[in-house]
Structure formats: C-alpha cells, structure tokens
Amino acid sequence: MLEAWVGKPYAVFLKDLADFKDDWLDAKEDLLDPIRSFVHGQQGKVYDEVRRFASANKENLPAFTGEGSILTNFLADETPFRGDGLQQAKAAVETLKVAIGKQLTETRQDAENKIREATAHLEALAGFADLNEAQQNQLREPAEQASARVRDTSVLAVVRDTLNRHLNEGRVGQVDMLNTFLSEAGKPASKLVTSGSIPVTYGKSTIESDSDLDEYLNSVRIAYGDVLKDNGKITL
C-alpha cells in the first residue's frame, strides 16, 4: 500500500489527504506500530541476538539441519514481528549453542589426537633420532601449526579440513623434509615415501566384489613394489 505513494508530488498529500488517510491509519496500526514495538522492545533485542548468533555460526548451521533451517527461514521472513517465529528461533539458538559447542569440542579433540599420533609416527621413523634439535623442531612445526589452527577456529569444517590436509599434504612435506635432512647429513638411508603419495593405478572407482578387491590389492602391490625396488621405504 505504501509503495503506491512513493514518488508522488507533495501536493497530492495535501489536496487528497481525505481520500487515503483511513488507509494510512490502518497501515499504521497493522504494520508500522507493530514494527516500532518490535524494534524498540525486548523482542528487538532477542532478534538482534538471533541474527548475531546466526552470522557468527553461518558455516556451522548446515550441519544442523533442523534448528539451522529454523533460523535461516526465520531470518528470511519479511514479517518477523508476527507469529511465534521469534520464540522458535530463540529456542533453536539455545539448542544450537549446546550442540555446536559439544560437537566442536569432540571434533577438536579427535583432530588433535590424530595429529599427535601422526607426530609420534614421524618421530619413530628411521633417522629422526639422529637429527639435531633444531631439525627435529622444524619437522614438528607443521603439526604444531595444524594443532593451533584446530584450537583457534570455531568452524567445524575448518577443523576437519585442517586435519585432513595435515594427514595428507602435511605428512608428505614432513617426510620429504626428513629425507632432505638425512641426505644433507650424508647418511645413505633409503628414501622414505608416504603411502598416500604413491599413485595406484586401478581402473574402477569402486570395489564391489572379491575379484575387484583382488585386482585393487594387486595394483597396490605393484605400485608399492616399484617404490621398494627403488630402495624406498614406505611409511604407513
């Protein structure tokens, strides 16, 4: 209703006021007054809290489809001051605070445990104990950086991505660095190769039968065998 009067000459509002004043009074009671009351009252404060929470946790909400959808739909509503949407959104926020906090704690703990296990595995590799303290610390640094990122982020997907990157790309880099240190020290040791960096040629994208499994394992045997023939050692 109000959009129809946008851009009208000022004279219209003076000359034809009697024609539309009742409509405007109805709009004031039905729309403007509820909005004013909503914005300036306790509901407005709750609404702001809901918006801040949704903004701060926008990357986490997709993992919680129920309550996450409630918040998304509520914040997309053009009339949030009507109905019980605000109460539902507030309840969803309280539920999500607990759920996100719990899952974030568990996911962080799991990631840090796996990073520590990978570091222990690295330290057990042949030649690590022969390095000086500075070299050992340099090899541990990628793991320490990954752990710090896991602790600092509040986004579940970033925790998982950080862990996966470290267990794959990070460990490959650490093993390559260890090989470099040993080579620079003139120690004729076999080259260490991470299992994840060895390309395995297998013609299918899935294993669906015993024969497929045999075929895949044979491909793994061939690929690993090539590394061993080249005087390499495979880290698992």
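Use the structure listed above.
What counts, and at which threshold
- Residues numbered from 1 in each chain as written.
- Predicted model: local features only at pLDDT ≥ 70, side-chain atom pairs only at ≥ 80, totals over all residues.
- Heavy atoms only, no water.
- Axes fitted to C-alpha atoms, helices over the stretch in contact; angles between N-to-C directions.
- Helix = DSSP H or I, 4+ residues; strand = E, 2+ residues; numbered from the N terminus.
- Parallel < 35°, antiparallel > 145°, perpendicular 65-115°, else oblique.
- Contact = heavy atoms within 4.5 Å.
- Nonpolar A, V, L, I, M, F, W, Y, C, P; charged D, E, K, R; others polar.
- Pairing = 2+ DSSP bridges.
- Right-handed = clockwise from strand over helix to strand, strands pointing away.
- Phe/Tyr/Trp six-rings, centres within 6.5 Å; stacked < 30°, edge-to-face > 60°.
- Buried < 20%, exposed > 50% of the residue type's maximum accessible area, 1.4 Å probe, protein only.
- Salt bridge = Lys/Arg side-chain N within 4 Å of Asp/Glu carboxyl O.

Visitor: Go over the packing of helix H5 (residues 85–123) against helix H6 (residues 133–152) with me, naming the residues and quoting the values.
Guide: Angle between the axes and distance between the axes: these two values describe a pair of packed helices. One way to put it is that H5 packs onto H6 with a least axis distance of 10 Å and a crossing angle of 175°. When the axes of H5 and H6 are compared, the pair comes out roughly antiparallel. Residue-level inspection shows Arg108, Ala111, Glu112, Ile115, Thr119, Leu122 and Glu123 of H5 in contact with H6, the latter providing Leu139, Arg140, Ala143, Ala146, Ser147, Val150, Arg151 and Asp152. Along the lines of polarity and charge, the residues of the contact of H5 with H6 split into seven nonpolar, two polar and six charged.

Visitor: Mind laying out the pairing of strand S2 (residues 232–235), listing which residues take part and the relevant values?
Guide: Strand direction decides the pairing type here: strand S1 (residues 191–194) and S2, joined by four bridges, are parallel. If you follow Leu192 over to S2, its bridge partner there is Lys233. Running through helix H8 (residues 210–229), the crossover from S1 to the neighbouring parallel element S2 is right-handed.

Visitor: Outline the packing of aromatic side chains, supporting the account with residue identities and numerical values.
Guide: On inspection of all chains with the given rule, the structure shows two aromatic pairs. Measuring from ring centre to ring centre gives 5.7 Å for Tyr47 and Phe74, while their planes differ by 65°; the resulting arrangement is edge-to-face. One end of the pair, Tyr47, is in helix H3 (residues 42–56); the other, Phe74, is in helix H4 (residues 65–76), with 27 residues separating them in the sequence. Both residues of the pair, Tyr47 and Phe74, belong to the buried class.

Visitor: A description of the pattern of salt bridges should follow, citing residues and the corresponding values.
Guide: Overall, the coordinates contain eight salt bridges when judged by the stated rule. Across the pair Glu169 and Arg165 runs a salt bridge whose closest N-O atoms are separated by 3.7 Å. Here Arg165 and Glu169 lie together in helix H7 (residues 156–184), a separation of four residues that amounts to about one turn. Given a relative accessible area of 54%, Glu169 falls into the exposed group. By relative accessible area, Arg165 is classed as partly exposed at 45%. For Lys204, the salt bridge is made with Asp212, and the minimal N-O distance between the two is 2.6 Å. Overlapping salt bridges bring together Asp161, Arg165 and Glu169 as one network.

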